Amino acid sequence: MKYKTLFLIAEIAQAHQGSFDKALEYIDALSKTGIDAVKFQVHIAEAESSIHEPFRVNMAGGDKTRFDYWKRMEFSLEQWRAIKSHCEAGGMEFIASPFSNAAVDLLERIGVLRYKIGSGEVNNLLMLEKIAATKKPIILSSGMSSYKELDETVAFLKNRGCDFSLLQCTTSYPTQPENYGLNVIAELKMRYQVPVGFSDHSAKIETCIAAVAMGAEILEFHVVFERNNDNGPDSSSSLEIDEITQLVRSVKNISIAMNNPIDKTDNSGFSELKGIFEKSLAVNKSLKKNHKLTFEDLESKKPKGFGIKASEFEAVIGKKLVRDMTQWDFLRHEDLFE
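Residues numbered from 1 in each chain as written. Predicted model: local features only at pLDDT ≥ 70, side-chain atom pairs only at ≥ 80, totals over all residues. Heavy atoms only, no water.

- Where an unreviewed UniProt entry is consulted, the protein chain appears under the name N-acetylneuraminate synthase family protein, with the organism given as Aequorivita flava.

Here's the deal with the overall build of the protein chain
Okay, so step 1: A count of helices and strands for the protein chain gives 12 helices and 12 strands.
Okay, so step 2: With the principal axes as the frame, the protein chain shows a C-alpha extent of 100 × 45 × 35 Å.
Okay, so step 3: Out of the 338 residues belonging to the protein chain, those deemed buried represent 46%.
Okay, so step 4: Of all intrachain contacts in the protein chain linking residues separated by at least 6 positions in sequence, the fraction that spans at least 24 positions is 65%. (Helix = DSSP H or I, 4+ residues; strand = E, 2+ residues; numbered from the N terminus. Buried < 20%, exposed > 50% of the residue type's maximum accessible area, 1.4 Å probe, protein only. Contact = heavy atoms within 4.5 Å.)

Some remarks on the environment of Asn231
Okay, so step 1: Its location among the elements puts Asn231 in the loop between strand 8 (218-222) and helix 10 (241-258).
Okay, so step 2: Here the alpha-carbon distance between Asn231 and Ser142, two residues 89 residues apart in the chain, equals 26 Å.

Observations concerning the UniProt feature "domain: AFP-like" (unreviewed entry) in the protein chain
Okay, so step 1: Residues annotated by UniProt as "domain: AFP-like" (unreviewed entry) correspond here to residues 280-338.
Okay, so step 2: Helix makes up 7% of residues 280-338 and strand 20%, whereas the separation of the span's terminal C-alpha atoms amounts to 20 Å. (UniProt positions renumbered as here; feature names shortened; annotations may be inferred.)

Observations concerning the state of the cysteines
Okay, so step 1: Across all of its chains, the model carries zero disulfides by this definition.
Okay, so step 2: Here Cys87 is not disulfide-linked; the sulfur of Cys208 is the nearest cysteine sulfur, at 19 Å.
Okay, so step 3: Under the relative-accessibility criterion, Cys87 is labelled buried at 0%. (Disulfide = S-S within 2.5 Å.)

Let's talk about the pattern of salt bridges
Charged atoms that come close allow side chains of opposite charge to pair.
Okay, so step 1: Inspection of every chain in the model, using the stated rule, returns 23 salt bridges.
Okay, so step 2: With a shortest N-O distance of 2.9 Å, Arg191 and Asp151 are connected by a salt bridge. You can see Arg191 sitting in helix 8 (residues 183-192) and its partner Asp151 sitting in helix 7 (residues 147-159), a full 40 residues away along the chain.
Okay, so step 3: A relative accessible area of 30% places Asp151 in the partly exposed class.
Okay, so step 4: When the shortest N-O distance is used, the salt bridge between Glu278 and Lys304 registers 3.6 Å. With Glu278 in the loop between helix 11 (271-277) and strand 9 (280-283) and Lys304 in the loop between strand 10 (298-301) and helix 12 (313-316), this residue pair connects regions lying 26 residues apart in the sequence.
Okay, so step 5: It is possible to trace a salt-bridge network through shared partners that takes in Glu11, Lys39, Lys116 and Glu220. (Salt bridge = Lys/Arg side-chain N within 4 Å of Asp/Glu carboxyl O.)

A closer look at the nonpolar core
Okay, so step 1: Core analysis: the largest hydrophobic core is formed by 70 residues, its most contacted members being Leu30, Ile35, Phe40, Phe94 and Leu219.
Okay, so step 2: Among the elements that line this core, the one with the most residues is helix 1 (residues 20-30), at six residues.
Okay, so step 3: Apart from residues lying up to four places away in sequence, Leu30 is in contact with Ala10, Ile12, Ile35, Val38, Met92, Val223, Ile241 and Ile244.
Okay, so step 4: Residues Leu281, Leu298, Met325 and Leu331 belong to the second largest nonpolar core, which totals 11 residues. (Core = buried A, V, L, I, M, F, W, Y, C linked by side-chain atoms within 4.5 Å.)

Structure representation (structure tokens):
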């Protein structure tokens, strides 16, 4: 999976709280931020969960079990088709994370272009086998996986000819700075030789900016309208709309910089500016003919080229003047003798 430019994914996940209209509101808001794709999670309660699944975090909402919560997060096939169309109308790709084979079937029916695999599904080879058969690109989060586990899943995907990328991700909500794992971006690139990105749960824009500076080619981050007034499970680890707008602008600039390395062996493009900013040697006081120059007699003045280069000051110390000089006169080679 090749990304010529930075690929930015805003994840709505369950921020819609099971409301189809709210999901569309999120899409409308994100269409103005400059992101490339909107990501949802497709949960089919009966296929992926049971009444025995524990809650990850305590939430308001009245759901008696985690199974009930997933049931409330479901949309119909027609609603998913409308959500996908709404994303595309806003100039964004629709991406989704399935959490069951049944969810993969649903996504195939609506024509998803690629799959995002959540951190908890890295070892779900049953579902990955089904996704591999679609021949569609895969973005795989590494969140809860050791390198041993990732090695196994990467080998599984490579053996099936999958086009995939990896995301460094820390499954912690919100992620604290000591757990960002920005070093893993380079490690994943070196170890697996595939495009690597960063999936963020820090709720801070600087984290993704740093990730791009560290070489991330893909960014994924959660979105919420109001971080402090939303009771969803990912609220504390999400960015608000205005923060995403700022983030997009910032990381695109960083991406441009990363794709345009500067060659410090060639400064020919600065010739004109060097002539303006660099300086020539001058005398800082009026001096008589035959005066032997000392360091204390010298000053550097703009522009370059009107006297001896300031960088050559050592060569003039100890030499004598062939003529009287006035304070602030430029000092030239022909003004000196041994």
